[in-house]
Amino acid sequence: MTKMIVGLGNPGKKYEKTRHNVGFMVVDRFVANQGENFRSQPTFKADVATVFSQGEKILLVKPTTFMNASGLAVRALLAYYGLTMADLLVVYDDLDMAVGKLRLREKGSAGGHNGIKSILAEAGQSEFLRLKIGIGRPQVGKVVDHVLGRFDTDDAISVDLAIDRAQKLLQAWISGLPFKQLQEELNRL
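Model, not experiment: these values are computed from the prediction. (Residues numbered from 1 in each chain as written. Predicted model: local features only at pLDDT ≥ 70, side-chain atom pairs only at ≥ 80, totals over all residues. Heavy atoms only, no water.)

**Student:** Looking at this structure, I do not really get the side chain of N21. What am I missing?
**Tutor:** Among the secondary structure elements, N21 is positioned in the loop between β1 (2–7) and α1 (22–33). Within the structure, N21 has its side chain in polar contact with the backbone nitrogen of N10 (distance 2.7 Å). The residues contacting N21, other than those within four sequence positions of it, are L8, G9, N10, Y15 and E16. (Helix = DSSP H or I, 4+ residues; strand = E, 2+ residues; numbered from the N terminus. Polar contact = N/O pair within 3.5 Å; in protein donor to acceptor, adjacent residues only side chain to side chain. Contact = heavy atoms within 4.5 Å.)

Below is the structure:
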């Protein structure tokens, strides 16, 4: 059995550690904690790492397209590995949540997030697990500048703690906990 965890973000040094790349940060830490590395997979338009847990193959994915085309990598990998939407968990930033807050959803709309819009368009389904990490809304200035900006010191600490909590939730999902129990686990973290 195979599962796939996709972290959303924009490729390139320019976007590293920006708010919009918090999905990349989560999968980067997960892969590093497993002692693995990402490998470029141009065919899939993604960097992919493979880890094994309890005899199960886990694909960790960072699309190498920009955010608004993330669905291309997701669709290609789902098809290649014969995965269903039930085998998919997507990690991404949420502007409408407080910095560092985590929320788990089974389905829903894109909520204005271009990466999720792309996945919905390419996959044609909205029922897949989503782990959202709050990045907060800007008090002043443009949203685009906020999401493509870096966290200040206080927010960076909150996000770092959220990424640690996200690791535990990903492990619980990999171990097979159903959605309701995952939500309970999230409430305990």
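**Student:** Could you clarify how one ought to interpret helix α2 (residues 70–81) in this entry?
**Tutor:** At 3.6 residues per turn, the α-helix brings residues three or four places apart onto the same side. Relative to the 16 Å expected for 12 residues at 1.5 Å per residue, α2 spans 17 Å between its end C-alpha atoms, a close match to the ideal helical length. Taken together, the buried positions of α2 are S70, G71, A73, V74, L77 and L78. Viewed end-on, α2 has its buried residues packed into an arc of 160 degrees, placing them on one side of the element. Away from its buried face by more than 90 degrees, α2 exposes A79 and Y80. Where the residues of α2 are buried, they touch β1, β3 (46–53), β4 (56–63), β5 (88–94) and α3 (114–123). Backbone geometry just after α2 places G82 at a positive phi near 65 degrees. (Expected span 1.5 Å × (residues − 1). Buried < 20%, exposed > 50% of the residue type's maximum accessible area, 1.4 Å probe, protein only. Arc of directions from axis to C-beta.)

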